[in-house]
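Now for the letters of each chain:
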Amino acid sequence: MNRVGYGAMQLAGPNVLGLPDDPEAARRVLRLAVELGVTFFDTANAYGPRTVNQLIGEALQPFPEGVIVGNKVGAGRGPDGSWIITDHPDTVRRQVHEALADLGAEASELTYLRLAGDTPGTHSDVPLEDSLGVLVELRDQGLIRRIGLSGATPEMLARAQKMTPIAAVQNRFNLLDRSGVQILADCEAQGVMFVPYFPLASGQLAGHRELTGPAERLGVTPSQVALAWLLRRSPAIVVIPGTTNPAHLRANIAAAEVAEHLTEAEVARLTGLVDESKAVLGRPDQSTFDALRSVAEGRR
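We now turn to the structure provided with this report. Here the structure is a predicted model, which means the values were calculated and not measured.

The rules behind these values
- Residues numbered from 1 in each chain as written.
- Predicted model: local features only at pLDDT ≥ 70, side-chain atom pairs only at ≥ 80, totals over all residues.
- Heavy atoms only, no water.
- Helix = DSSP H or I, 4+ residues; strand = E, 2+ residues; numbered from the N terminus.
- Buried < 20%, exposed > 50% of the residue type's maximum accessible area, 1.4 Å probe, protein only.
- Contact = heavy atoms within 4.5 Å.
- Areas by Shrake-Rupley, 256 points an atom, 1.4 Å probe, with all protein chains shown as cover.
- Lys, Arg positive; Asp, Glu negative; His and termini not counted.
- Charge placed at Lys NZ, Arg CZ, Asp CG, Glu CD.
- Phe/Tyr/Trp six-rings, centres within 6.5 Å; stacked < 30°, edge-to-face > 60°.
- Lys NZ or Arg CZ within 6 Å of the ring centre and 35° of its normal.
- Pairing = 2+ DSSP bridges.
- Core = buried A, V, L, I, M, F, W, Y, C linked by side-chain atoms within 4.5 Å.
- Axes fitted to C-alpha atoms, helices over the stretch in contact; angles between N-to-C directions.
- Parallel < 35°, antiparallel > 145°, perpendicular 65-115°, else oblique.
- Nonpolar A, V, L, I, M, F, W, Y, C, P; charged D, E, K, R; others polar.
- 1 Å grid on protein atoms, 1.4 Å probe; cavity = no way out; pocket = protein on both sides within 12 Å on 5 of 7 lines; lining within 4 Å.
- Points joined across faces, edges and corners; volume = space filled by probe spheres on them.

### Considering the overall build of the chain
- Assigned secondary structure in the chain consists of eleven helices and nine strands.
- Its C-alpha atoms give the chain principal-axis dimensions of roughly 50 × 40 × 35 Å.
- Expressed as a percentage of its 300 residues, the buried residues of the chain come to 54%.
- In the chain, of all internal contacts separated by at least 6 residues, the share reaching a separation of at least 24 is 77%.
- Entry remark: accessible area of the chain is about 12,600 Å², with carbon and sulfur atoms responsible for 51%.
- The distance from the centre of the 28 positive side-chain charges to the centre of the 35 negative ones in the chain is 2 Å.

### What about the packing of aromatic side chains?
- Counted under the stated rule, the structure contains five aromatic pairs.
- Between Y47 and W83, the aromatic rings sit 6.1 Å apart at their centres with planes inclined by 75 degrees, giving edge-to-face as the arrangement. With Y47 in the loop between β2 (40–44) and α2 (51–60) and W83 in strand β5 (residues 83–85), this pair connects stretches of sequence that are 36 residues apart.
- With centroids separated by 6.0 Å and ring planes inclined at 90 degrees, the aromatic side chains of F173 and F194 adopt a geometry described as edge-to-face. Taken together, the positions of F173 in the loop between β8 (168–170) and α6 (181–190) and F194 in strand β9 (residues 193–194) put the pair 21 residues apart, joining distant regions of the chain. Both residues of the pair, F173 and F194, belong to the buried class.
- Counting every residue linked through ring pairs, the aromatic cluster contains F173, F194 and W229.
- The residue whose ring lies beneath R77 is W83, and the NZ or CZ to ring-centre distance is 3.8 Å.

### Points about the pairing of strand β6 (residues 110–114)
- The buried fraction of β6 amounts to five of the five residues, a majority that puts the element mostly inside the structure.
- Residues of β6 alternate between two faces, with L110, Y112 and R114 on one and T111 and L113 on the opposite face, all of them buried.
- Pairing of strand β3 (residues 68–73) with β6 involves four bridges; the strand directions are parallel. Bridge pairing in β6 links G70 to L110.

### A look at the nonpolar core
- Judged by nonpolar contacts, the single largest core of 77 residues is most densely connected at Y6, L30, F41, L135, L149 and F194.
- Top element by residues in this core is helix α8 (residues 222–233). It accounts for seven residues.
- Beyond its immediate chain neighbours, meaning those up to four positions away, L135 contacts V73, V92, V96, T111, Y112, L113, I144 and I147.
- Of all hydrophobic cores here, the second largest spans nine residues; its members include F40, Y112, A168 and V195.

### With respect to helix α7 (residues 209–218)
- Where α7 is concerned, the buried positions are L211, G213, P214 and A215.
- Residues of α7 that are buried sit in contact with α8 and α10 (264–271).
- G219 occupies a position one or two residues after α7 and carries a positive phi of about 70 degrees.

### With respect to the packing of α8 against α10
- For the pair α8 and α10, interaxial distance at closest approach is 10 Å and the crossing angle is 95 degrees. The angle between α8 and α10 places the two elements in the roughly perpendicular class. Contacts between α8 and α10 involve V225, W229 and R232 from the former and E264, V267, L270 and T271 from the latter.
- Residues belonging to the contact of α8 with α10 are distributed by class as follows: four nonpolar, one polar and two charged.

### Thoughts on empty space enclosed by the protein
- Within the structure shown, the criterion is met by one cavity of 30 Å³ or more.
- Size it by volume and the largest cavity reaches roughly 40 Å³.
- As for the largest cavity, its lining consists of N71, V96, A99, L100, L103, S108 and T111.
- The element best represented in the lining of the largest cavity is helix α3 (residues 89–103), accounting for four residues.
- Taken together, the residues of the lining of the largest cavity sort by class into four nonpolar, three polar and no charged.

### Some thoughts on the sheet that holds β6
- The strand order β1-β2-β3-β6-β7-β8-β9 describes an open sheet built from seven strands, whose pairing is parallel. Sheet topology places β1 (6–7) and β9 at the edges, where each strand pairs with a single neighbour.
- With three bridges joining them, strand β7 (residues 147–150) and β8 adopt parallel strand pairing. By the bridge assignment for β8, G148 is matched with A168.
- Strands in contact with α3 are β3 and β6; relative to β3, the strand with the most contacts, it is inclined by about 145 degrees.

### Points about the layout of surface pockets
- Roughly 230 Å³ of internal volume is contained in the second largest pocket.
- As for the second largest pocket, its lining consists of 14 residues, of which F63, A105, A107, E109 and R145 are closest to the centre.
- Looking at the lining of the second largest pocket residue by residue, the classes come out as eight nonpolar, three polar and three charged.

So this is what it looks like as structure tokens:
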């Protein structure tokens, strides 16, 4: 799998609701991603809701060999557009079937269960075992091939693995927010793919000399260096930057080559921007918390 994937959230309309102004441009970006070698696409029923999955299905069906779409269920949107956990077993089952219909797929290559473990202000009264049990049942029926978790604590991952193998975990992790460092370590130890969301710290990276220095030396952008650092930080990481701009898409994909040219000293200085020993899951730095709150309020 190409370790630079594509996060599809930005393909929706304003506030991640409805269709974008130019749906065909969105489909072109998706097709270009495949042409450029992207093999992993990250999406969710909650994007739109459903409109992003429909765009992916329209653009990429039949899915090329080797392309994997990771889709999140267990999350939805409130009447005001807010982001909510919707992990009742009946809802999870319905969302899986909706995603298959929207993507035009007979089976999901990867379905994540969205949990409330890493995001301030979210919660669920549904036991993990109840909602995850639906995905296990659907996998046994052949409708899901791999199961993942999104927003998991290390304890949640351990509980889930008592029920089923977990192929991937998606949690917050980037150059400025290391709150997912412990579950990243667990994924490394257990051979689980780790997919960080907000990989570019929601636009909060500007001005850090540790980024601009390598960027100037290599003739690339600070964002490319930030993605390259993630790829160097752990072999378990697959990054999913999102964009609607073809030039930015090309730049994001080129981050894999940038990673090969970062020096060990540059990687160490970037890693040292945050004391990972003090990172606490569910407690992002303030800039990331502001970004999370912006998303929750529908301004993203």
